[in-house]
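Reading the structure
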Amino acid sequence: MLKIYTSEDDRAPALEHREGGFRTVLKACLVTGYSTKPPAGWTAQESGTASTFIPQDVSTGCRYTVSNEDADVAKITAKHDDGTPFAEGWLNKKLVNVTAPNRWVCMADGKHCWLMVSTNQQSTNYDVVAYYFGDVDTLDAHGEAGALFAPENKAYDYNYRVIDSIPLQLSNGKKCRCNVANFQASVNTANQIVLMPAWFFDNAAKTLEGFMPGWYSTASTVATNTLAIEKDVPEVGGKVLLFRTPWQPNNPHLFALLGDPA
């Protein structure tokens with residue numbers, strides 16, 4: 001079951017604009033816990049100024065290294081269990097008008113980690129950018145693949161703002177794109193509810209390759225001056241956290257599912 005950690009929690013670590021900011025937050029959520037919050041069950045291997053995060057459920061054997069961090073960005077590298085990289089991307093702290101530690105939300109269990117980071121702290125919108133690393137369900141013979149969902153460009157630009165422009169890089173060698181808009185374009189509003197939006201290996205052919213865990217999508221709105229709100233969703237039999245997204249602040253929005261993403 002996903003555990004929820006936020007920068008608003010008692011004794012939660014700050015995502016500081018210095019070397020080690022991302023590593024500090026991720027270690028607190030995934031490995032050590034803090035205050036009354038237990039960790040998600042991951043382990044970390046330290047090597048100088050790099051931390052490699054290893055899921056508790058190592059079904060794919062993949063692990064994720066955060067390194068090369070400075071005041072603005074950190075590199076994240078996804079690796080096979082033999083240490084061979086299969087993907088890399090960038091985590092960003094200095095987004096738009098962010099001069100103080102970023103507000104953040106982390107949702108994780110033994111094999112999944114979503115990290116939402118505020119992008120504009122001088123706005124009442126509290127938009128977030130989403131990052132993911134862990135395992136995803138695929139339609140190929142292996143059934144699962146390690147995955148990294150993070151921009152390949154370290155500069156804050158369009159690739160940080162639109163979710164379906166950020167690559168989902170997989171341990172099976174494929175690079176996919178998340179696609180939520182096709183579902184939300186349905187004339188039947190009930191069909192706008194998608195637990196795991198499809199992502200595609202071939203954008204032109206729209207080849208379905210698998211599903212992202214813990215993702216729920218809708219055209220609902222969220223109030224300003226809110227990092228995230230909790231919402232009852234009968235269609236999924238539970239609750240979701242609703243986040244405002246930076247590219248269309250009024251519609252649509254990203255939901256991250258609370259509970260078992262399976």
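The notes below deal with the structure included here. Being a predicted model, the structure only gives us computed values, none of them experimental.

**Quick word on the nonpolar core**
Ranked by size, the top nonpolar core spans 35 residues in total, and within it L30 and F133 carry the most contacts. Only helix 1 (21-32), strand 4 (63-67), strand 5 (73-79), strand 6 (85-92), strand 7 (104-108), strand 8 (112-118) and strand 9 (128-138) provide two or more residues apiece to this core. It is helix 1 that provides the largest number of residues to this core, a total of six residues. Ignoring sequence-local partners within four residues, the contact set of F133 consists of L26, L30, W42, Y64, I76, K111, H112, C113, A147 and L148. Among the nonpolar cores identified, the runner-up in size contains 22 residues, and A147, I166, L168 and L241 belong to it.

**Structural notes on the sheet that holds strand 6**
With antiparallel pairing, the five strands of this open sheet are ordered in space as 2-3-4-5-6. Each end of this open sheet is capped by a strand with a single partner; those strands are strand 2 (43-47) and strand 6. Pairwise comparison of adjacent strand axes, ignoring direction, gives a mean angle of 20° for this sheet. Contacts from helix 1 reach strand 2, strand 3 (50-54), strand 4, strand 5 and strand 6, with the element oriented near 25° to strand 3.

**Describing the packing of aromatic side chains**
Counted under the stated rule, the structure contains five aromatic pairs. Taking 5.5 Å as the distance between ring centres and 90° as the angle between the ring planes, the aromatic pair formed by W42 and F133 counts as edge-to-face. Pair noted here: W42 is in the loop between helix 1 and strand 2 and F133 is in strand 9, with a separation of 91 residues, a long-range link. Given a relative accessible area of 2%, W42 falls into the buried group. For F133, a relative accessible area of 3% gives the class buried. Between W114 and Y132, the aromatic rings sit 5.1 Å apart at their centres with planes inclined by 55°, giving tilted as the arrangement. Of the two residues, W114 sits in strand 8 while Y132 sits in strand 9, which places them 18 residues apart along the sequence. The same class applies to W114 and to Y132, which are both buried.

**Some words on unusual backbone geometry**
Located in the positive-phi region is S35, a residue other than glycine, with phi close to 50°. For S35, the location among the structural elements is in the loop between helix 1 and strand 2. A relative accessible area of 32% means that S35 is categorised as partly exposed. Despite not being glycine, N68 has its phi angle at roughly 50°, a positive value. Looking at the element boundaries, N68 is found in the loop between strand 4 and strand 5. Exposure remark for N68: the relative accessible area of 52% places this residue in the exposed category.

Parameters at a glance
Residues numbered from 1 in each chain as written. Predicted model: local features only at pLDDT ≥ 70, side-chain atom pairs only at ≥ 80, totals over all residues. Heavy atoms only, no water. Core = buried A, V, L, I, M, F, W, Y, C linked by side-chain atoms within 4.5 Å. Buried < 20%, exposed > 50% of the residue type's maximum accessible area, 1.4 Å probe, protein only. Helix = DSSP H or I, 4+ residues; strand = E, 2+ residues; numbered from the N terminus. Contact = heavy atoms within 4.5 Å. Pairing = 2+ DSSP bridges. Axes fitted to C-alpha atoms, helices over the stretch in contact; angles between N-to-C directions. Phe/Tyr/Trp six-rings, centres within 6.5 Å; stacked < 30°, edge-to-face > 60°.

Note that every value here comes from positions in space, so none of it alone points to a role or purpose.
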